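Inside the fold
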Amino acid sequence: MIDYAGILKANPNGVLATQDGERVKTRVFQFLFADENKVYFCTNSQKPVYTQMKANPNVSFCTPGDFSPVLSVNGKVVFTDDAALKTRVLDENPLIKTIYNSPDNPIFTLFYIDVEEVETFGFSEGSKSYKL
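Computed from a predicted structure; not experimentally measured. (Residues numbered from 1 in each chain as written. Predicted model: local features only at pLDDT ≥ 70, side-chain atom pairs only at ≥ 80, totals over all residues. Heavy atoms only, no water.)

Here we look at the overall build of the protein chain
The criterion, for reference: The secondary structure listing takes helices from DSSP runs of H or I that are at least 4 residues long and strands from runs of E that are at least 2 residues long, numbered from the N terminus. Here the globule rule is a power law, 2.2 Å times the number of residues to the power 0.38, and the radius of gyration is based on C-alpha atoms. Each residue's exposure class comes from its accessible area (1.4 Å probe, protein chains only) as a fraction of the maximum for that residue type: buried when under 20%, exposed when over 50%, partly exposed otherwise. What makes two residues a contact is simply this: any of their non-hydrogen atoms within 4.5 Å. Computed by Shrake-Rupley with a 1.4 Å probe, the accessible areas treat only the displayed protein chains as cover when residues are assessed.
Broken down by element type, the protein chain carries four helices and eight strands. Mapped in sequence order, the helices and strands of the protein chain form the string α-β-β-β-β-α-β-β-α-α-β-β. Computed over the C-alpha atoms, the radius of gyration of the protein chain is 15 Å, within 12% of the 14 Å expected from 2.2 N^0.38 for a compact globule of 132 residues. Taken over the C-alpha atoms alone, the protein chain extends approximately 45 × 35 × 25 Å along its principal axes. Looking at the protein chain residue by residue over its 132 residues, the buried ones come to 39%. Restricting to contacts in the protein chain with at least 6 residues of sequence separation, those with at least 24 account for 61%. Working note: accessible area of the protein chain is about 7,300 Å², and carbon and sulfur atoms make up 52% of it.

Rendered as structure tokens:
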């Protein structure tokens, strides 16, 4: 199995794809941390992306890294109100702390992708898929 958490940590900025009705919608997101098969992110509960993930939890997050390998993690979104995890996010990310201030901010939404599949592509390695 590829160390996808290590690749995400080294390349935290990527693109999150969600379903918006009949369309696929993408936007830039920042990976926060991983714990086993859980890949964590946060968002504002008033944004369309939150509504999209509530309606259809199937998502994909792709980070190009140094373009070899390109990494995609795919699975279902699970929302969590775990105060300790939210505190960790705020402590480790000063910019996010300036936005939400505290773990009990009602619009501060923490979620993870319950990773079901990891896909990679590298020009020399080709495509690979790992089911979890």
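There's more to say after this.
Quick word on the nonpolar core
This is how it is decided: By convention a nonpolar core is built from buried Ala, Val, Leu, Ile, Met, Phe, Trp, Tyr and Cys residues, the set being connected through side-chain atoms within 4.5 Å.
Among the nonpolar cores identified, the biggest contains 20 residues, and Y4, L8, L16, F41, F61, V73 and I113 are the most heavily contacted of them. Counting only elements with at least two residues in this core, the list comes to α1 (4-10), β4 (38-44), α2 (48-55), β5 (58-63), β6 (70-80) and β7 (108-122). Element by element, the count of residues in this core is highest for β7, at four residues. Counting residues in hydrophobic clusters, the runner-up holds twelve residues, among them Y40, L90, Y100 and F108.

Focus on unusual backbone geometry
A positive phi is found at E36, a non-glycine position, where the angle reads about 55°. Tracing the backbone through its elements, the reader meets E36 in the loop between β3 (33-35) and β4. Positive phi outside glycine occurs at N101, with the angle close to 65°. With respect to the helices, strands and loops of the structure, N101 is situated in the loop between α4 (94-100) and β7.

Overview of the layout of surface pockets
Worth spelling out the cut-off: Throughout, the protein atoms alone are placed on a 1 Å grid, and a set of points is a cavity if a 1.4 Å probe fits but cannot get out or a pocket if it is open with protein on both sides within 12 Å along at least five of seven lines; lining residues have an atom within 4 Å of a point. Grid points are joined across faces, edges and corners, and a volume is the space filled by probe spheres set on the points. All amino acids are sorted into three groups, where Ala, Val, Leu, Ile, Met, Phe, Trp, Tyr, Cys and Pro are nonpolar, Asp, Glu, Lys and Arg are charged, and the leftover types, Gly among them, are polar.
There is about 280 Å³ of room inside the largest pocket. For the largest pocket, the lining is made up of 14 residues, of which C42, T43, K47, I99 and Y100 are closest to its centre. Those elements that provide at least two residues to the lining of the largest pocket are β2 (23-30), β4 and α4. Residue classes in the lining of the largest pocket are distributed as nine nonpolar, three polar and two charged.

A closer look at the environment of L132
Within the element layout of this structure, L132 appears in the segment after β8 (126-131). Residue class for L132 comes out partly exposed when judged on its relative accessible area of 42%. Considered as a pair, L132 and N93 are 39 residues apart in the sequence and their alpha carbons are 29 Å apart. Beyond its immediate stretch of four places on either side in the chain, L132 contacts M1, Y4, N37, V115, E116 and V118.

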